[in-house]
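The residues making up each chain are set out below.
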Protein chains: 4
Amino acid sequence: MKEIRIGLVGAGWMGKAHSSALLDAQMLFGPEYGTAVFEMVADTNEASAKEAQSKIGFKRMTTDWKELVSDPKVDLVDIATPNAFHYEVAKEALNNGKHVYCEKPLSISAEQSKELAELAKKKKVINYVGFNNTMNPANAYVRDLVQSGKLGKIMRFTGTYDQDQLLDETLPITWRHINKLAGCGALGDLGSHLLSVSQFIMGDISMVNAMSTTIFPKRPKAPGSSEMADVENEDIITFMTKYENGAIGNISASRVATGRKNYLAYEIQGTKGSVCYDLERMGEVHVYFHSDDEADRGFRTVLLNPKHKGYSAFQPAGGISIAYNDMKILEVHELFAAITQGEAYACDFEFGYKIDRTVDAVLESARKNEWVEVK
Amino acid sequence: MKEIRIGLVGAGWMGKAHSSALLDAQMLFGPEYGTAVFEMVADTNEASAKEAQSKIGFKRMTTDWKELVSDPKVDLVDIATPNAFHYEVAKEALNNGKHVYCEKPLSISAEQSKELAELAKKKKVINYVGFNNTMNPANAYVRDLVQSGKLGKIMRFTGTYDQDQLLDETLPITWRHINKLAGCGALGDLGSHLLSVSQFIMGDISMVNAMSTTIFPKRPKAPGSSEMADVENEDIITFMTKYENGAIGNISASRVATGRKNYLAYEIQGTKGSVCYDLERMGEVHVYFHSDDEADRGFRTVLLNPKHKGYSAFQPAGGISIAYNDMKILEVHELFAAITQGEAYACDFEFGYKIDRTVDAVLESARKNEWVEVK
Amino acid sequence: MKEIRIGLVGAGWMGKAHSSALLDAQMLFGPEYGTAVFEMVADTNEASAKEAQSKIGFKRMTTDWKELVSDPKVDLVDIATPNAFHYEVAKEALNNGKHVYCEKPLSISAEQSKELAELAKKKKVINYVGFNNTMNPANAYVRDLVQSGKLGKIMRFTGTYDQDQLLDETLPITWRHINKLAGCGALGDLGSHLLSVSQFIMGDISMVNAMSTTIFPKRPKAPGSSEMADVENEDIITFMTKYENGAIGNISASRVATGRKNYLAYEIQGTKGSVCYDLERMGEVHVYFHSDDEADRGFRTVLLNPKHKGYSAFQPAGGISIAYNDMKILEVHELFAAITQGEAYACDFEFGYKIDRTVDAVLESARKNEWVEVK
Amino acid sequence: MKEIRIGLVGAGWMGKAHSSALLDAQMLFGPEYGTAVFEMVADTNEASAKEAQSKIGFKRMTTDWKELVSDPKVDLVDIATPNAFHYEVAKEALNNGKHVYCEKPLSISAEQSKELAELAKKKKVINYVGFNNTMNPANAYVRDLVQSGKLGKIMRFTGTYDQDQLLDETLPITWRHINKLAGCGALGDLGSHLLSVSQFIMGDISMVNAMSTTIFPKRPKAPGSSEMADVENEDIITFMTKYENGAIGNISASRVATGRKNYLAYEIQGTKGSVCYDLERMGEVHVYFHSDDEADRGFRTVLLNPKHKGYSAFQPAGGISIAYNDMKILEVHELFAAITQGEAYACDFEFGYKIDRTVDAVLESARKNEWVEVK
């Protein structure tokens, strides 16, 4: 029973979510995958750090993350800071030989992510990016369908991640609207989740051709204020893709998609079958097999069940709702299984870099209005 | 190419619908199933009769249906009168040796329907009741699933026919609310359609146990009037059933079912599979096979296609919407095929009688608050 | 910050689920609602008790539940034993003045439950039955719709709880099939959950009329055995109801409902609106308002969101999947809020008794084949 | 009561469909919109022409369409030939001063269509292209939602028209695969239907950026043959669009979309509301209004009803299935209303030209791999 001493950087909502997932994972999977020891928490905001310490039970706290990443009693650096700080924290942690668990995105540029991926490889530590949607039993099932050949040759991927949380134009400007903090808009925030699912199931994208639009180009500087600030990035992104596997694709994301709440939805068409999924109905996958008798043929509404990877951790029988948060529990479990058992995992820093270089190519394409290769 | 000379009794909306279906059927199926000759139309309302004559092209008209049913140039008496008159017109037509096509219900009592069924058998003429829902390719498909054994032993039938057309309590009293004209309420108007589907797919019901309720016991005597008249029959009916095949059932109907427009919906559960259907989504049947692999198992949304009986008359490929009215076209086609080719048909007067005796048993059960045998 | 010392009776799956929910609730709602202290666990199986002690962290263990229910350091007796033992444990715990948290059902007979409800009232302790479905934000929302009058006068409740976990006839006999252990079959196991939802939303049922059937009357004594044992109770139950509020109802349950996994589904029709729900799509409620413009009127697919009671504990924005297990978290939170803050709660022993007396009336009706009053 | 003398060019399936629709329209709308007189039918295949003459009842037949288009007794030339012949027949008919009703597409190039549109304008005759999907009451409803401003400023249109009729790679080459006969592939056959809906609802597209793919580049020359012929055009097309109204779009079509049968599906997102539609569920439109109360907000499943333009021709109450073919009936009714009553209509040759110039731009973009203006 190995203890893994956690150093959490960033004591906000996401840091709490990581810690809570760690506790739940331990209850579900047992101590043979390692036990989390809440060693240290760092936050530039001292009050936040203290609150996290007392609530989650960290032994120590600091306002200086550099202290944490070099602390000899920290085994795993857990990065839950705002996106723009992932890069330097991860880099320093790697340089100190720590395992690193970084909330998605890996960084806010392909260049930074590439550097981190190479450094992680050199350091031979566990390097895990929290693209939790790849942990969804539904996506694991779809990946199996695709990779087993059950759907035949894949022809087409169509997907969007739509929400309407920023529809209200009186909502003030936030870090999400500022590129040096967020990297980009709907593409980074939502699209990157969909890209992680696409990467996981479909493999590499080779070319993209994008278009973006900003529906609300100015927002109030503060709630109720009449002073306006520029929104620097896209409310909606859409792009065509060519995949290495020969398929073509359409990928979109919108943060102003009226009526959509958590609509990460996609359809994959292969020559032998097709599959549809929509995260607003998390527990069901729609799959069609061309080989079924014509009279009885139709999309099957498959309810998630213990045959789908990850589900049985939560429920012993099918059709019972699991939560969005449960993907995070599966994620930290996989992370611990990698650390303590040497088990394989998909979302390493190389994976994170692939997402980020695709994001970069999409942004470049939207700027240039032309096809751009994903290098 | 045989000519069938039609004598239509009742020149209202339904009479027009029958005639229109006859023309469409001829275009779709060709003259080898017989050609309709619009010989004579009868309606007590002379204006209606004349209008039908000119619009549909009947050669002759009369205000006396007795003249029509005994006319030597009439081969087929088509009964589209209000329900309460079906009995005497059908009886007289049979006694004159005519083929009879009677809009559902056969009559407004089991006793009358029994007499008609026996008389029809004796006369050896075509005796057809217009339960058009049995012509729905979806119901034909479900019947095949049940009768082929693909669903295993049938355990349970659950169905309702819900509409909300009479939800508005300011709508005045009509013949539908008066028992001597309508026989009963939601049960006769809507429930009997569902019973015809049940009879067609599941076979005979042996016992029923019913409960009914009248939500609006009084309605205005006329639009806007403050004088009120008694509603004599049920707005909602619900009953449990035992089938001869060993299954149990729940059947309901409501004419005040807020939000439901044409919701003839049912589910059949067998030991090897289940099926669901809903007429508001006429073109799709949901079917589940227990034998499918557990990982890929789910209700299949089967879109109607040429493998389902009747569909190919309208479309050469699946997934294309057919209309409620198309069931009527299939019905008159089956009628003509019976007359000219001697082909078998399900909804004869015996079938109509079975529906009406079930209706009677349900009404008796609702009155007595106990199980009643369907004799 | 009050400590509540837990004495858990029954160290199986459900006991673990309760304990896990307690920990999660604390993380979500904070210590102001009380802190669970795992004081003592009792199980007649010593190994189970020991395992629970070490895994969950109970201070003490025993194989004699009577020791636990009288222990002065236990504040709350948490009953997670097989159903047949709820009664005596709860009674003894109440007699010792303990707060009692009893997994559903309260007991296996109306008589026992009545006695417990009266005793609990006399003892003035918190007496909580774990009907977790009443905690579902969806059901809370529907209750609001009904009780606010937004749906008008309620006309009709139609519901079923269907699963197919016992469809396979080679599955051996279990305690679920034996009446002295289970009380009854699908009605107690599944139907009681639906009854709790009905009770919560619709209020008291006054009359029932039931029919039941056992599809597989014999099952192997052990896996693979050719020796068969009698199944003593129903695989399927269905009954008609009359509610005190004037509505009528149909309620069913099946444990052999091919294709259904967790299908607790119901529809409520009122004169101003209707609502449908189905637990297989836990996150969405379908609601129809008659007052909407006719052109734009239809069932709305409402995704659960922070406006629905309980949801915001888990997610800050709508449309994100919460889990079946989250209902248990809300349940133990309500329990603790009752103990520490004196807050009101719906599912007290009186509520549990109401469910059990309805169950008894349904069983009596199915035996006698007639309407039975719920006394 | 005006007689309109029809000259039908092309006696195949579509010619029959037009004639049948004319008869049905007359029965539904009455003779005040004109009566069709089946004056003459032309087909190069004499047997086909004769069969149509006898079945539909044309007075005269010819194998030379030039004779027909100049016949003084023909008022309306109805063009139901293969696509590649639309241009010359329509041109000659216009030059003879005839009203022209041309099945979609207007021609197989933007250049030809432009010439026809200009000629039609000069001749001041009725010039109608049969884009029947614009007649769908669902699309009429959506157009009202968009044009009334109820959905706010339109941000985004996403649509696809997917079928899998050509999925089977053993199906032999047909005219659809040859550009000089078909113009192009899935784009012309399916995509143009979706473009007509987009044009009708959203107005002009200004820019497109396309990608296409041919999944099966060779097909047997004949059924079962091992000799293969080149497929000249796309199985799948997808393109991004910019609309004149400021919205962006994604439009696709596939004739090899496994599992999809008649999936003309789209979503329109506006700042105040959104709408989704799918032709496989022809009778329902999903609409969301941001202004609904947050607790009760969700996509409404609106069943087509008499409030939606065209529906009441078929049914007096909502929720009753109308057929794909009924769109054709509404189309010929609009055509006759234009001829006899001077009523306005949307799908004139100018409209047809707009579709065809968009198609041309899409093809050019797919060839050049860049944004192309729709001129």
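Each chain carries its own residue numbering, running from 1 in the direction its sequence is written. Written order decides the labels, with chains lettered from A and ligands numbered from 1. Local features in this predicted model are restricted to residues whose pLDDT is 70 or higher, and side-chain atom pairs enter the listing and the counts only when it is 80 or higher, whereas totals over whole chains, interfaces and linings include all residues. Only hydrogens and water are set aside when side-chain values are computed; all heavy atoms of the structure are taken into account.

## Describing helix H6 (residues 137–147) of chain D
Residue and element names in this part refer to chain D.
Step number 1: Between buried and exposed lies partly exposed: a residue is buried under 20% and exposed over 50% of the maximum accessible area for its type, with that area taken using a 1.4 Å probe on protein chains only. In this text, helices come from DSSP runs of H or I with a minimum length of four residues, and strands from runs of E with a minimum of two, each type numbered from the N-terminal end. Within H6, 8 of the 11 residues are buried, which leaves it mostly tucked inside the rest of the structure.
Step number 2: Within 3.5 Å is the distance limit for a polar contact, defined as a pair of N or O atoms, with the added protein rule that one can donate a hydrogen and the other accept it, and that residues adjacent in sequence qualify only through two side-chain atoms. The residue sitting at the N-terminus of H6 and contributing the capping side-chain oxygen is Asn 136; that oxygen lies 2.9 Å from the backbone nitrogen of Ala 138.
Step number 3: Gly 149, located one to two residues past H6, shows a positive phi value of around 85 degrees.

## Quick look at the relation of the copies chain C and chain A
Applying a rotation about an axis and a shift along it to one chain copy brings it onto the other copy.
Step number 1: Fitting of the copies onto one another was done by least squares over C-alpha atoms, counting residues only where both copies have pLDDT of at least 70. Laying chain C over chain A is done by rotating through 180 degrees and shifting 0.1 Å along the axis; what remains is an RMSD of 0.1 Å. Here the copies are linked by what is in effect a two-fold axis. It is C:Ala323 whose C-alpha, among those of chain C, lies nearest the rotation axis, at 2.2 Å.

## Side note on the interface of chain D and chain A
Step number 1: Each side of the interface is counted separately: chain D has 44 residues, and chain A has 44 residues.
Step number 2: Where chain D abuts chain A, roughly 3300 Å² becomes buried across the two surfaces, and 60% of that area is made up of carbon and sulfur atoms.
Step number 3: Accessible surface is computed with a 1.4 Å probe, and the buried area is the amount of it that two parts give up when combined, taken over both parts together. On the chain D side of the interface with chain A, the three residues burying the most area are D:Arg156, D:Met211 and D:Thr258, jointly 19% of the side's total.
Step number 4: When a carboxyl oxygen of Asp or Glu lies within 4 Å of a side-chain nitrogen of Lys or Arg, that pair is called a salt bridge. Run the count over chain D and chain A and you get 4 salt bridges.
Step number 5: Counting across the chain D and chain A interface gives 17 residue pairs in polar contact (both at pLDDT 80 or more).
Step number 6: If you list the elements that add at least two residues to the side of chain D that touches chain A, you get strand S7 (154–162), strand S8 (205–213), strand S11 (236–243), strand S12 (248–254), strand S13 (263–270) and strand S14 (273–278) of chain D. Between two residues, a contact is recorded if the distance between any of their heavy atoms is within 4.5 Å.

## Observations concerning the packing of helix H5 (residues 110–123) of chain C against helix H10 (residues 349–368) of chain C
Residue and element names in this part refer to chain C.
Step number 1: Axis geometry follows a simple rule: fit a line to the C-alpha atoms, using only the stretch in contact for helices, then measure angles between N-to-C directions, giving values from 0 to 180 degrees. Relative to each other, H5 and H10 sit at 165 degrees, their axes nearing to 8 Å. For the element pair H5 / H10, the angle class is roughly antiparallel. Judged by the twist between their axes, the crossing of H5 over H10 is left-handed. Between H5 and H10, the contacting residues are Ala 110, Ser 113, Lys 114, Leu 116, Ala 117, Ala 120 and Lys 121 on the first element and Phe 349, Glu 350, Tyr 353, Asp 356, Arg 357 and Asp 360 on the second.
Step number 2: Charged residues are taken to be Asp, Glu, Lys and Arg, nonpolar residues to be Ala, Val, Leu, Ile, Met, Phe, Trp, Tyr, Cys and Pro, and polar residues to be all remaining types, Gly included. For the contact of H5 with H10, a count of residues per class yields 6 nonpolar, 1 polar and 6 charged. Roughly parallel means an angle under 35 degrees; roughly antiparallel means over 145; roughly perpendicular covers 65 to 115; every other angle is labelled oblique. Helix crossings fall into two classes, left-handed where the near helix is turned counterclockwise from the far one by less than a right angle and right-handed where it is turned clockwise.

## Description of the sheet that holds strand S5 (residues 99–103) of chain C
All names here are of chain C.
Step number 1: Pairing between strands requires that DSSP locate at least two bridges from one strand to the other. With parallel pairing, the 6 strands of this open sheet are ordered in space as S3-S2-S1-S4-S5-S6. The sheet is open, and its two borders are formed by strand S3 (60–62) and strand S6 (127–130), each paired with just one other strand. Within the sheet, the average angular offset between the axes of one strand and its neighbour, ignoring direction, is 25 degrees.
Step number 2: As paired strands, S5 and S6 are joined by 4 bridges and run parallel to one another. Each residue of the ladder has a partner; that of Cys 102, found in S6, is Val 129.
Step number 3: Packing against the sheet, helix H1 (residues 13–29) makes contact with strand S1 (3–9), strand S2 (35–42), strand S4 (76–79) and S5, and its axis sits at approximately 165 degrees to S2.

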